[in-house]
Amino acid sequence: MSAAQPGDDGAPRCPWALSTPDYVTYHDEEWGRPVHGDDALFERLSLEAFQSGLSWITILRRRPGFRAAFADFKIATVAEFTDTDRERLLADTGIIRNRAKIDATLANARVLAGWTPGDLDALIWSHAPDPAGRPAPKTLADVPAVTDESTALSKALKKRGLRFVGPTTAYALMQACGLVNDHLETCVARGPADAAAGSR
């Protein structure tokens, strides 16, 4: 059933978080906590796109490399990347050297650079569902991969010219950035995520 399982400290956590210490830290301190700011959300959107088809731990362990390669995901800076930068990225072993995903990240930055500051934050958060209508999942089987809200968010982002933002990627973003709280009902991190969401 994949209900919450005790970690090394005895505290119950979402089972996916227990395989490595890197996951435990990410699960306890980041996943499900509200993220705001265009650059911060551009980073998360980009990393979720790079994760497509891979395990999240692969991306998480390369996050310092991604941040170095993509100028800390500052939209204005990445939007100015040249063909030379693109070739540098394609040769960078510190990231995932997927041509389509790199090109999408650069293209997305150029699109977002033309938006009014705060627009990306506002657009993403406008798709956050009412938490009152979302019972806490008891097992991993209760956690969806796609929702109506993530499908709507995907369509809104694509309509505005963004790439690699399908409904599954959009929902992973919503989970990671605190638009939804998918920590399991008895998970030790669910309460802190709820508390953080209260001030979102």
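What counts as what
Residues numbered from 1 in each chain as written. Predicted model: local features only at pLDDT ≥ 70, side-chain atom pairs only at ≥ 80, totals over all residues. Heavy atoms only, no water. Phe/Tyr/Trp six-rings, centres within 6.5 Å; stacked < 30°, edge-to-face > 60°. Lys NZ or Arg CZ within 6 Å of the ring centre and 35° of its normal. Helix = DSSP H or I, 4+ residues; strand = E, 2+ residues; numbered from the N terminus. Disulfide = S-S within 2.5 Å. Buried < 20%, exposed > 50% of the residue type's maximum accessible area, 1.4 Å probe, protein only. Axes fitted to C-alpha atoms, helices over the stretch in contact; angles between N-to-C directions. Parallel < 35°, antiparallel > 145°, perpendicular 65-115°, else oblique. Left-handed = near helix turned anticlockwise from the far one by under 90°. Contact = heavy atoms within 4.5 Å. Core = buried A, V, L, I, M, F, W, Y, C linked by side-chain atoms within 4.5 Å. Expected span 1.5 Å × (residues − 1). Bend = angle between axes of the 7 residues up to and from the residue. Salt bridge = Lys/Arg side-chain N within 4 Å of Asp/Glu carboxyl O.

Engineer: An account of the packing of aromatic side chains is needed here, citing residue identities and associated values.
Structural biologist: Applying the stated rule across the entire model yields eight aromatic pairs. Taken together, the ring pairs connect Phe-42, Phe-50, Phe-66, Phe-70 and Phe-73 into an aromatic cluster. Taking the ring centre of Phe-81 as reference, the NZ or CZ of Arg-88 above it sits at 5.3 Å.

Engineer: Can you tell me about unusual backbone geometry, naming the residues and giving the values?
Structural biologist: Backbone geometry at Asp-72 places phi at a positive 55 degrees, although glycine is not the residue there. Along the polypeptide, Asp-72 turns up in the loop between α3 (56-69) and α4 (75-78). Here the phi dihedral of Phe-73 falls at roughly 60 degrees; this positive angle occurs in a residue that is not glycine. You can see Phe-73 is positioned in the loop between α3 and α4.

Engineer: If you had to explain the state of the cysteines to someone new, which residues and values would you point to?
Structural biologist: On inspection of all chains with the given rule, the structure shows zero disulfides. No disulfide involves Cys-14; its sulfur sits 3.8 Å from the nearest other cysteine sulfur, which is in Cys-187. The exposure class of Cys-187 is buried, given its relative accessible area of 5%.

Engineer: Any details on the packing of helix α2 (residues 38-51) against helix α6 (residues 99-113)? Residues and values, ideally.
Structural biologist: Their axes nearest at 10 Å, the elements α2 and α6 cross at an angle of 155 degrees. Taken as axis vectors, α2 and α6 run roughly antiparallel relative to one another. Helix-helix and strand crossings are classified by hand; for α2 and α6 the assignment is right-handed. Residues Phe-42, Ser-46, Ala-49, Phe-50 and Gln-51 of α2 pack against Lys-101, Ile-102, Thr-105, Asn-108, Ala-109 and Leu-112 of α6.

Engineer: Now, about the nonpolar core: what can you tell me, with residues and values included?
Structural biologist: The biggest cluster of nonpolar side chains holds 47 residues, and the ones touching the most others in it are Phe-42, Phe-66, Phe-70, Leu-89, Leu-120, Ile-124 and Leu-157. A per-element tally of this core places α3 first, with six residues. Apart from the residues within four sequence positions on either side, Leu-89 is in contact with Ala-69, Phe-70, Phe-81, Ile-95, Arg-97, Ile-102 and Leu-106. Grouped together as the second largest cluster of nonpolar side chains are five residues, Ala-4, Cys-14, Leu-184 and Cys-187 included.

Engineer: So what's going on with α3? Which residues, and what values?
Structural biologist: In a regular helix each residue adds 1.5 Å, so 14 residues correspond to 20 Å; α3 covers 18 Å between its end C-alpha atoms and thus fits that length. The principal kink in α3, of about 55 degrees, is found at Arg-63, preceding the proline Pro-64 by one to four residues. When α3 is considered as a whole, its buried residues turn out to be Trp-56, Ile-57, Ile-59, Leu-60, Arg-63, Phe-66 and Ala-69. A positive backbone phi angle near 50 degrees is found at Ala-71, which sits one or two residues after α3.

Engineer: So what about the pattern of salt bridges? Which residues, and what values?
Structural biologist: In this structure the tally under the stated criterion is eleven salt bridges. Note that Arg-13 and Asp-28 form a salt bridge whose closest N and O atoms lie 2.8 Å from each other. In this pair, Arg-13 sits in strand β2 (residues 12-13) while Asp-28 sits in helix α1 (residues 21-29), placing the two residues 15 residues apart along the sequence. One exposure class covers both Arg-13 and Asp-28, and it is buried. Close ionic contact of Arg-44 with Glu-30 constitutes a salt bridge, the shortest N to O distance being 3.0 Å. One end of the pair, Arg-44, is in helix α2; the other, Glu-30, is in the loop between α1 and α2, and 14 residues separate them in sequence. According to the relative accessible area criterion, Glu-30 is partly exposed, its value standing at 23%. What emerges from the salt-bridge pattern is a single network uniting Asp-9, Arg-13 and Asp-28.

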